[in-house]
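# Observations on the three-dimensional arrangement
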Amino acid sequence: MLKTVFANHELENPFMNASGVHCMTTEELNELYHSSAGAFITKSCTPLQRTGNPEPRYIDLPNGSINSMGLPNKGFDYYLDYVTHTPYRKLCFFSISGMSAAENLDMLRRLETSSFDGVTELNLSCPNVPGKPQLAYDFEQTERLLTQVFDFYRKPLGVKLPPYFDFAHFDQMADILNQFPLTYVNTINSVGNGLVIDPDLEQVVIKPKNGFGGLGGPLIKATALANVRAFATRLNSEIKIIGTGGITNGQDAFEHLLCGASVLQVGTQLHKEGPTIFDRLARELSDIMKKKGYAAIDEFRGKLKDLS
Ligand code: RRO
């Protein structure tokens, strides 16, 4: 009942990890592969490996998480080797997050000529590298980069966006994205540069950037749903939406689907619970659908109602 078609692949269910969580090493990626997740994605990578920011750099909160990992990753070749040498029957997404347009274009050229036949995610929204603003908050640079990408890139590609908070920005970004043959838009990355503090110790809780970091989990769900809905109602129907942000149970998943998401990514709660979470989410979403009399996700996807 949860079967979902995405980029011409049939997924057992719409659930997968959000890039960054449980996907840094081949061991973690294998655990996702063998879990109940319908698909999985690699950690956003750069051409060369990076150690990332100093620790502590990820903290679980009662209502979510804060992180300033700083793009630690094992480098493009490590993940390309994994996705091209592991026989897989589960859709695999490959996330890249170059430190410059040139780095992104270089990695995409190498993916284009490789045997990789999954889906590529271009991360335009990492909030945690000191001195590097989130690219997708710069509309001109985003349009220029996508123009350069689609000059040569022919494999399925989506972009990972930061949250937007104004209708003018939803409109402007959707107008840009609608010009390109994108497979999907993934919304949202963490809500950038929140500040969580410990009042007893009178100090911040993570070390990098004086405690500023990306927020995830239940505390960002309303912003995630707003962005899913805003893009679902503005993008061409060929561009699918991946809904990310605040999914901890079947009801959260149901809400993202109602707003128009096709695939659902889980970050904070996967970090807390581990890959067995995908069994629980699939069961809880199926139970909700059964109670409501839905036999397939397509019967309610995107059908959120306004008040009359
Ligand atoms: O590695 C990170 O600090 C990170 C990345 Br690349 C991202 O896209 N989103 C996030 O919350 N953390």
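None of these values were measured; they are calculated from a predicted model. (Residues numbered from 1 in each chain as written. Predicted model: local features only at pLDDT ≥ 70, side-chain atom pairs only at ≥ 80, totals over all residues. Heavy atoms only, no water.)

Turning to the UniProt feature "active site" (unreviewed entry) in the chain, a few remarks are in order. Those residues carrying the UniProt feature "active site" (unreviewed entry) are Cys126 in this numbering. Mapping Cys126 onto the fold places it in the loop between β8 (119-123) and α4 (139-152). Given the relative accessible area of 18%, Cys126 is considered buried. (UniProt positions renumbered as here; feature names shortened; annotations may be inferred. Helix = DSSP H or I, 4+ residues; strand = E, 2+ residues; numbered from the N terminus. Buried < 20%, exposed > 50% of the residue type's maximum accessible area, 1.4 Å probe, protein only.)

Of all 5 residues that make up strand β15 (residues 240-244), 4 are buried, and the element is covered over most of its length. Pairing analysis gives 4 bridges linking strand β10 (residues 184-187) to β15, with the strands arranged parallel. Bridging from a neighbouring strand, Asn186 pairs with Ile242 of β15. For β15 and strand β16 (residues 263-266), the ladder comprises 3 bridges, and the chain directions are parallel. For Ile242, the partnering residue across the bridge sits in β16 and is Val263. The parallel pair β15 and β16 is bridged by helix α7 (residues 250-259), and the resulting crossover is right-handed. (Pairing = 2+ DSSP bridges. Right-handed = clockwise from strand over helix to strand, strands pointing away.)

With that settled, consider the UniProt feature "binding site: FMN" (unreviewed entry) in the chain. As annotated in UniProt, the feature "binding site: FMN" (unreviewed entry) corresponds to Ser19, Lys43, Ser44, Asn123, Lys160, Ile188, Gly217, Gly245, Gly246, Gly267 and Thr268 in the numbering used here. In this structure, Gly217 sits in the loop between β14 (212-216) and α6 (221-232). We classify Gly217 as buried; its relative accessible area is 6%. In contact with Gly217, not counting residues within four places along its chain, are Asn63, Gly64, Gly246 and Thr268. (Contact = heavy atoms within 4.5 Å.)

Lining the immediate environment of the ligand, one finds Lys43, Asn67, Met69, Gly70, Leu71, Pro72, Asn123, Cys126, Pro127, Asn128, Asn189 and Ser190. Between an oxygen atom of the ligand and a main-chain N or O atom of Leu71, the distance comes to 2.8 Å. The separation between an oxygen atom of the ligand and a polar side-chain atom of Asn128 is 2.8 Å. Starting from 320 Å² of accessible surface for the ligand in isolation, the protein chains cover 92%. Residues that form the shell around the ligand fall into these classes: 5 nonpolar, 6 polar and 1 charged. (Near = heavy atom within 4 Å. Polar contact = N/O pair within 3.5 Å; in protein donor to acceptor, adjacent residues only side chain to side chain. Areas by Shrake-Rupley, 256 points an atom, 1.4 Å probe, with all protein chains shown as cover. Nonpolar A, V, L, I, M, F, W, Y, C, P; charged D, E, K, R; others polar.)

This part takes up the packing of aromatic side chains. Overall, the coordinates contain 17 aromatic pairs when judged by the stated rule. The side chain of Lys74 reaches across the aromatic face of Tyr78, ending 5.7 Å from its centre. Over the ring of Phe152 we find Arg109; its NZ or CZ atom is 4.9 Å from the centre of that ring. (Phe/Tyr/Trp six-rings, centres within 6.5 Å; stacked < 30°, edge-to-face > 60°. Lys NZ or Arg CZ within 6 Å of the ring centre and 35° of its normal.)

Bringing the sheet that holds strand β7 (residues 91-96) into the picture now. Sheets are built from strands that pair by backbone hydrogen bonding, the pairs being arranged parallel or antiparallel. In spatial order, the strands read β3-β16-β15-β10-β9-β8-β7-β4; together these 8 strands make up an open sheet with parallel pairing. A single partner strand is all that each edge strand has here, and the edge strands are β3 (15-17) and β4 (39-41). The sheet shows a mean angle of 25 degrees between the axes of neighbouring strands, taken without regard to direction. In the packing of α7 onto the sheet, contacts are made with β3, β15 and β16, and the angle to β16 comes to roughly 140 degrees. (Axes fitted to C-alpha atoms, helices over the stretch in contact; angles between N-to-C directions.)

In this fold, Leu29 is placed in helix α1 (residues 26-33). Put simply, Leu29 and Ser44 are 15 residues apart on the chain and 13 Å apart in space, counted from C-alpha to C-alpha. For Leu29, the residues in contact, after removing those within four places along its chain, are His22, Cys23, Phe40, Ile41, Thr42, Tyr79 and Tyr82.

The next subject is helix α9 (residues 277-292). With 16 residues, α9 extends 23 Å from end C-alpha to end C-alpha; this agrees with the ideal 22 Å at 1.5 Å per step. Among all positions of α9, only Ile277, Phe278, Arg280, Leu281, Ala282, Leu285, Ser286 and Met289 are buried. Among the structural elements, β3, α1, α7, β16 and α8 (268-273) are those in contact with the buried residues of α9. Just downstream of α9 lies Gly293, where phi reads positive at about 80 degrees. (Expected span 1.5 Å × (residues − 1).)

Applying the stated criterion to the full structure yields 10 salt bridges. One salt bridge in this structure joins Arg57 and Glu55, with 3.7 Å as the shortest N-O distance. Take Glu55: its relative accessible area is 57%, and that puts it in the exposed class. The shortest N-O distance in the salt bridge between Asp252 and Lys221 comes to 2.8 Å. Taken together, the positions of Asp252 in helix α7 and Lys221 in helix α6 put the pair 31 residues apart, joining distant regions of the chain. Overall, Asp252 belongs to the buried group, its relative accessible area being 7%. (Salt bridge = Lys/Arg side-chain N within 4 Å of Asp/Glu carboxyl O.)

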